[in-house]
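Here is how the chains run, residue by residue.
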Amino acid sequence: MAKAYERIADDFRRPIRAGELKPGDKLPTEAKLAERYNKGLPTVRQALAQLEAEGLVEKKHGRGTFVRTPRKLVSRSNERHQWEKDRAREPEKQRLQTGSTEHDTGLTVDDLVFHAHYAEITANEDLATSFGVPEGTAMLERTYRTRYSAEPAPFTLVTSYLVRDMVAKNPDLLDETNEPWPGGTQNQLYTVGIELDRIEERVTARPPSAEEAEELELPPGTAVIVLRKSSYDTRDRLVEMSDVILPGDRTEMTFVTPLDRW
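Quick notes on the rules
- Residues numbered from 1 in each chain as written.
- Predicted model: local features only at pLDDT ≥ 70, side-chain atom pairs only at ≥ 80, totals over all residues.
- Heavy atoms only, no water.
- Core = buried A, V, L, I, M, F, W, Y, C linked by side-chain atoms within 4.5 Å.
- Buried < 20%, exposed > 50% of the residue type's maximum accessible area, 1.4 Å probe, protein only.
- Helix = DSSP H or I, 4+ residues; strand = E, 2+ residues; numbered from the N terminus.
- Contact = heavy atoms within 4.5 Å.
- Salt bridge = Lys/Arg side-chain N within 4 Å of Asp/Glu carboxyl O.
- Pairing = 2+ DSSP bridges.
- Axes fitted to C-alpha atoms, helices over the stretch in contact; angles between N-to-C directions.
- Patch = residues over 30% accessible without salt bridge, like charges linked within 9 Å, V, L, I, M, F, W, Y side chains within 5 Å.
- Areas by Shrake-Rupley, 256 points an atom, 1.4 Å probe, with all protein chains shown as cover.
- Lys, Arg positive; Asp, Glu negative; His and termini not counted.
- Charge placed at Lys NZ, Arg CZ, Asp CG, Glu CD.
- Parallel < 35°, antiparallel > 145°, perpendicular 65-115°, else oblique.
- Left-handed = near helix turned anticlockwise from the far one by under 90°.
- Nonpolar A, V, L, I, M, F, W, Y, C, P; charged D, E, K, R; others polar.
- Expected span 1.5 Å × (residues − 1).

**Quick look at the nonpolar core**
Across soluble globular proteins, nonpolar side chains have a tendency to be buried as a group.
Part 1 of the argument: Judged by nonpolar contacts, the single largest core of 29 residues is most densely connected at Phe131 and Leu189.
Part 2 of the argument: Only β4 (112-122), α7 (125-131), β5 (138-148), β6 (157-163), α8 (164-167), β8 (224-233) and β9 (238-247) provide two or more residues apiece to this core.
Part 3 of the argument: Here the element with the most residues in this core is β9; it accounts for five residues.
Part 4 of the argument: With residues up to four places along the chain from it excluded, the contact list for Phe131 reads Met139, Tyr161, Val163, Leu238, Val239, Glu240 and Met241.
Part 5 of the argument: Counting residues in hydrophobic clusters, the runner-up holds 15 residues, among them Ile8, Leu27, Ala47 and Val57.

**Brief notes about the pattern of salt bridges**
Pairing is possible between side chains that carry opposite charge, provided their charged atoms lie close to one another.
Part 1 of the argument: Applying the stated rule across the entire model yields 23 salt bridges.
Part 2 of the argument: Of the charged contacts, one joins Arg198 and Glu200 as a salt bridge, the two residues approaching to 3.0 Å between their closest N and O atoms.
Part 3 of the argument: Its relative accessible area of 30% is what places Arg198 among the partly exposed residues.
Part 4 of the argument: Each of the salt bridges in this network shares a partner with another, and the network as a whole consists of Asp10, Asp11, Arg13, Arg14, Arg17 and Glu54.

**Some details on the sheet that holds β9**
Part 1 of the argument: As summarised here, the arrangement of the six strands in space is β4-β5-β6-β9-β8-β7, forming an open sheet in which the pairing is antiparallel. Of all the strands in the sheet, the pair left with one neighbour each is β4 and β7 (196-206). Adjacent strand axes in the sheet meet at a mean angle of 15°, parallel and antiparallel pairs treated alike.
Part 2 of the argument: Where β7 and β8 come together, ten bridges link them in antiparallel fashion. Note on β8: the bridge partner recorded for Arg198 is Tyr232.

**A few points about the environment of Met139**
Part 1 of the argument: Considering the arrangement of structural elements, one finds Met139 in strand β5.
Part 2 of the argument: C-alpha of Met139 to C-alpha of Arg206: the two residues are 67 residues apart in sequence and 27 Å apart in space.
Part 3 of the argument: Met139 has contacts with Ala119, Glu120, Ile121, Thr122, Ala123, Phe131, Tyr161, Leu162, Val163 and Arg164, leaving out every residue within four places of it along the chain.

**Here's the deal with a positive patch on the surface**
Part 1 of the argument: Taken together, the side chains of Lys26, Lys32, Lys60 and Arg63 make up a positively charged region of the molecular surface.
Part 2 of the argument: For Lys26, the location among the structural elements is in the loop between α1 (4-18) and α2 (30-37).
Part 3 of the argument: For Lys26, a relative accessible area of 49% corresponds to the partly exposed category.

**Focus on the packing of α2 against helix α3 (residues 41-53)**
Part 1 of the argument: Relative to each other, α2 and α3 sit at 110°, their axes nearing to 9 Å. Taken as axis vectors, α2 and α3 run roughly perpendicular relative to one another. Of the two possible hands of crossing, α2 and α3 adopt the one that is right-handed. Counting all contacts with α2, which are made through Glu30, Ala31, Leu33 and Ala34, the residues of α3 involved are Leu41, Val44, Arg45 and Leu48.
Part 2 of the argument: Residues that form the contact of α2 with α3 fall into these classes: six nonpolar, no polar and two charged.

**So, α1**
Part 1 of the argument: For α1, which comprises 15 residues, the first-to-last C-alpha distance of 22 Å matches the rise-based estimate of 21 Å (1.5 Å per residue) to within 8%.
Part 2 of the argument: Of the residues making up α1, those classed as buried are Tyr5, Ile8, Ala9, Phe12, Arg13, Pro15 and Ile16.
Part 3 of the argument: On the buried face of α1, the contacting elements are α2, α3, β1 (57-60) and β2 (64-67).
Part 4 of the argument: Gly19 sits one or two residues past α1 and shows a positive phi near 85°.

If you want it as structure tokens, here you go:
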């Protein structure tokens, strides 16, 4: 038999999922729910916490509990890398028309708010081992945040690393004000004579840090997907590495593997 808080939660879960309760609709107060179900406030709060953990409602301090507006889904496929490579050598006019975020979300350039920050750092043990360079090597660390203009939280938290000397012959690649760069990283590398041969992605999941949960506005209990993307050139050198934090409540990942025919 379902527990009392589960029955209360289900009474709201079904109409929310059916669209009978709309995003932004306010739920009754905790006191009114306790009276309606003849249960104590702890039981009611447990039911609301369950709905919040499922991403169906959100509490707004001093205002109450509301049906949560679903966030824009990001559908990320490994086919995106070939798409990015195909457009890396296109004229700038064509590259300006769309980017990888638009590709993954179906949004347009005008729908997005983009922020980039560059910093010069030195390679720690992890970066030195990954890139095969000495510790202390000058690196370019790039952080990216892109969000839908109708939403306050970014789609992902991205930190990208390049060996500074590898890209420094094009000074434009060291200047964050040139972002968003038409054609993205693959075109940036193309401007310094680098062609990518393969991209390796390692995917794990974990609970978010407090900072990640706050920036991504994650419902309680939501995990993050952690993706490390390593890009290798035709000389088998690691030329770019990205750590991407994706919110588990609004990210879909699809992996397509072409198979050779017999």
